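# Fold and contact review
Residue strings, one per chain:
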Amino acid sequence: QVQLVESGGGLVQAGGSLRLSCSASGFGGDAMGWFRQAPGKERDFVAAINWSGDFKNYADSVKGRFTISRNNVRNTVYLQMNSLKPEDTAVYYCASGSTSSSSRYYNYWGQGTQVTVSS
């Protein structure tokens, strides 16, 4: 049974930081990405990383502020979010299977973790 579980979300003031984690079980590992969905909006790409960690893909809106990384021994991918802005408020989802910015290439999804950035 493949399962992706996000954690680390919460409430933070603008300019603050959070680190999200996504733990995978039921498979050996894959390229993974992060997406986010704000209320009433479509799910948008945030960042992705390949298996070896030597290729990373970032949305322009988060480049320079967010860093994606992974620990393959733990089957865990991380999203370090710095200099957070209110527009970063969303449910953040991890997904496996691609480094694409398009959600259609991903095959498994977590349940999401809420990130709220106050002004």
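Throughout what follows, the structure given in this document is the object of discussion. (Residues numbered from 1 in each chain as written. Predicted model: local features only at pLDDT ≥ 70, side-chain atom pairs only at ≥ 80, totals over all residues. Heavy atoms only, no water.)

### Comments concerning the overall build of the chain
A tally of helices and strands in the chain yields zero helices and eleven strands. The order of helices and strands in the chain, counted from the N terminus, is β-β-β-β-β-β-β-β-β-β-β. Taking 14 Å as the expected radius of gyration for a compact globule of 119 residues, we find that the chain reaches 13 Å, a close match to that expectation. Considering only intrachain contacts with a sequence separation of at least 6, the fraction spanning at least 24 residues in the chain is 55%. Counting every atom, the chain has about 6,100 Å² of accessible surface; 44% of that belongs to carbon and sulfur. Averaging the coordinates of the 11 positive side-chain charges in the chain and doing the same for the 8 negative ones gives two points 4 Å apart. (Helix = DSSP H or I, 4+ residues; strand = E, 2+ residues; numbered from the N terminus. Rg over C-alpha atoms; globule rule 2.2 N^0.38 Å. Contact = heavy atoms within 4.5 Å. Areas by Shrake-Rupley, 256 points an atom, 1.4 Å probe, with all protein chains shown as cover. Lys, Arg positive; Asp, Glu negative; His and termini not counted. Charge placed at Lys NZ, Arg CZ, Asp CG, Glu CD.)

### A few points about the nonpolar core
Among the nonpolar cores identified, the biggest contains 31 residues, and Trp34, Val46, Phe66, Ile68, Leu79, Met81 and Tyr92 are the most heavily contacted of them. Broken down by secondary-structure element, the contributors of at least two residues to this core are β3 (18-25), β4 (32-37), β5 (43-49), β7 (66-71), β8 (76-81), β9 (90-96) and β11 (113-118). Sort the elements by how many residues they give to this core and β5 lands first, with five residues. Discounting residues that sit within four places of it in the chain, methionine 81 has contacts with Gly16, Ser17, Leu18, Leu20, Arg65, Phe66, Tyr92 and Val115. (Core = buried A, V, L, I, M, F, W, Y, C linked by side-chain atoms within 4.5 Å. Buried < 20%, exposed > 50% of the residue type's maximum accessible area, 1.4 Å probe, protein only.)

### A look at the sheet that holds β8
Backbone hydrogen bonds hold the strands of a sheet together, and the pairing may be parallel or antiparallel. Read across the sheet, four strands follow the order β1-β3-β8-β7 without closing on themselves; strand pairing throughout is antiparallel. Here the strands that pair on one side only, and so sit at the sheet edges, are β1 (3-7) and β7. For this sheet the average axis-to-axis angle between neighbouring strands, irrespective of direction, equals 15°. Here β1 pairs with β3 via five bridges, running antiparallel. Note on β3: the bridge partner recorded for serine 7 is serine 21. (Pairing = 2+ DSSP bridges. Axes fitted to C-alpha atoms, helices over the stretch in contact; angles between N-to-C directions.)

### Some points on the packing of aromatic side chains
Counted by the stated rule, this structure contains four aromatic pairs. Ring geometry for phenylalanine 35 and tryptophan 109: centres 5.1 Å apart, planes at 55°, overall tilted. With phenylalanine 35 in strand β4 and tryptophan 109 in strand β10 (residues 108-109), this pair connects stretches of sequence that are 74 residues apart. With relative accessibility at 29%, the residue tryptophan 109 sits in the partly exposed group. Grouped by ring-pair contacts, the aromatic residues Phe35, Phe45, Tyr106 and Trp109 constitute a single cluster. Taking NZ or CZ as reference, arginine 43 lies 3.7 Å from the ring centre of tyrosine 93, over its face. Taking the ring centre of tryptophan 109 as reference, the NZ or CZ of arginine 43 above it sits at 5.1 Å. (Phe/Tyr/Trp six-rings, centres within 6.5 Å; stacked < 30°, edge-to-face > 60°. Lys NZ or Arg CZ within 6 Å of the ring centre and 35° of its normal.)

Everything listed is a geometric property; what it means functionally is a separate question.
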